[in-house]
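The chain contents come next:
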Amino acid sequence: MAENIKHIIESLLFVSETPLTMDHLKGIIEGEETAAIRSAIDELMAEYEQRDGGFVLKQVAGGYQFRTQGRYNEWIKRLVKPSTPRLSKAALETLAIIAYNQPIIRSDIEHIRGVDSGGVIRMLMERKLIRVLGRKEIPGRPLIYATTKHFLEVFELKDLKDLPTPKEIEELSRSRLEEQPEDDDHGEDMPAASPTSTDVPEADDGGPAAEDDLPPFDPPSE
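The rules behind each value
Residues numbered from 1 in each chain as written. Predicted model: local features only at pLDDT ≥ 70, side-chain atom pairs only at ≥ 80, totals over all residues. Heavy atoms only, no water. Axes fitted to C-alpha atoms, helices over the stretch in contact; angles between N-to-C directions. Helix = DSSP H or I, 4+ residues; strand = E, 2+ residues; numbered from the N terminus. Parallel < 35°, antiparallel > 145°, perpendicular 65-115°, else oblique. Contact = heavy atoms within 4.5 Å. Pairing = 2+ DSSP bridges. Buried < 20%, exposed > 50% of the residue type's maximum accessible area, 1.4 Å probe, protein only. Phe/Tyr/Trp six-rings, centres within 6.5 Å; stacked < 30°, edge-to-face > 60°.

(A) A look at the packing of helix α5 (residues 89-101) against helix α7 (residues 118-126). Close contact between α5 and α7 brings their axes to 10 Å; oriented N to C, the two are set at 80 degrees. One way to sum up the angle between α5 and α7 is to call them roughly perpendicular. Across the interface between the two elements, Ala90, Ala91, Thr94, Leu95 and Ile98 of α5 pack against Val120, Ile121, Met123 and Leu124 of α7.

(B) Molecular detail of the sheet that holds strand β3 (residues 104-105). Strand order across the open sheet formed by three strands is β3-β5-β4, with antiparallel pairing between neighbours. Edge strands, defined here as strands with exactly one partner in the open sheet, are β3 and β4 (130-135). Alignment of β4 against strand β5 (residues 143-147), held across five bridges, turns out to be antiparallel. Counted as the bridge partner of Ile130 is Thr147 from β5. Docked against the sheet, α5 engages β3, β4 and β5, running at close to 95 degrees with respect to β5.

(C) Geometry of unusual backbone geometry. A cis amide bond, omega -5 degrees, links Gln102 with the succeeding residue Pro103. Mapped onto the elements, Pro103 comes out in the loop between α5 and β3. Despite not being glycine, Asp52 has its phi angle at roughly 55 degrees, a positive value. On the basis of relative accessibility, which here comes to 43%, the residue Asp52 falls in the partly exposed class. Of note, Lys128 is a non-glycine position whose phi angle comes to about 60 degrees, a positive value. Summarising the element assignment, Lys128 is placed in the loop between α7 and β4. What makes Lys128 partly exposed here is its relative accessible area of 32%.

(D) Focus on the packing of aromatic side chains. Counted by the stated rule, this structure contains four aromatic pairs. Arranged with centres 5.4 Å apart and planes meeting at 40 degrees, the rings of Tyr48 and Phe55 form a pair that is tilted. Ring plane angle 70 degrees and centroid distance 5.1 Å describe the contact between Tyr48 and Phe66, whose orientation is recorded as edge-to-face. Here Tyr48 is found in helix α3 (residues 34-51), whereas its partner Phe66 is found in strand β2 (residues 63-68), with 18 residues between them in sequence. Look at Tyr48 and you get buried, because its relative accessible area is 11%. For Phe66, a relative accessible area of 16% corresponds to the buried category.

Next comes the structure, spelled out in structure tokens:
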């Protein structure tokens, strides 16, 4: 199988709708060493990078996935109408605060923003961009929020250490999330959640949502 492993991995990546992790690939390609699989992936990444075509192979959200070149988004959108719900400026601001300060509770988010953020937080959970880690052991036991693996996929991040600057997040969002002008911080004019979205708890009184295999966030030291 050694001579075909690169093409096997290429075909798996081609049909997968989500990034494939090394463990996932090892489970499918039984009998192959991790080093051989990683070497094949490195070769594929180099080949697509050198080709400089319409798509490349990238390391995203702890796995590997084919991604279209950003410079061709204008034409891609003419063919494929974006189905991802649009985010308001208030949602992008809240998402950035959570991303750079996680784990974080609602009161801290609202202290930074200066406005009530309950509606925006619920919407971000429905979009699967943030999740509940648990409850903080202080009076009231408020919910603790953090970003999800889907957040990493949307912004093409290998892990949380690759977080861009807040300005870069806003620029990236324009091509992937289609920013929608909105004055209401509560997100009342936001499109309805995708039918595939899972039910999430209210920001005030729900229990912890299911975790999605992301490790605890360890903010870099300054």
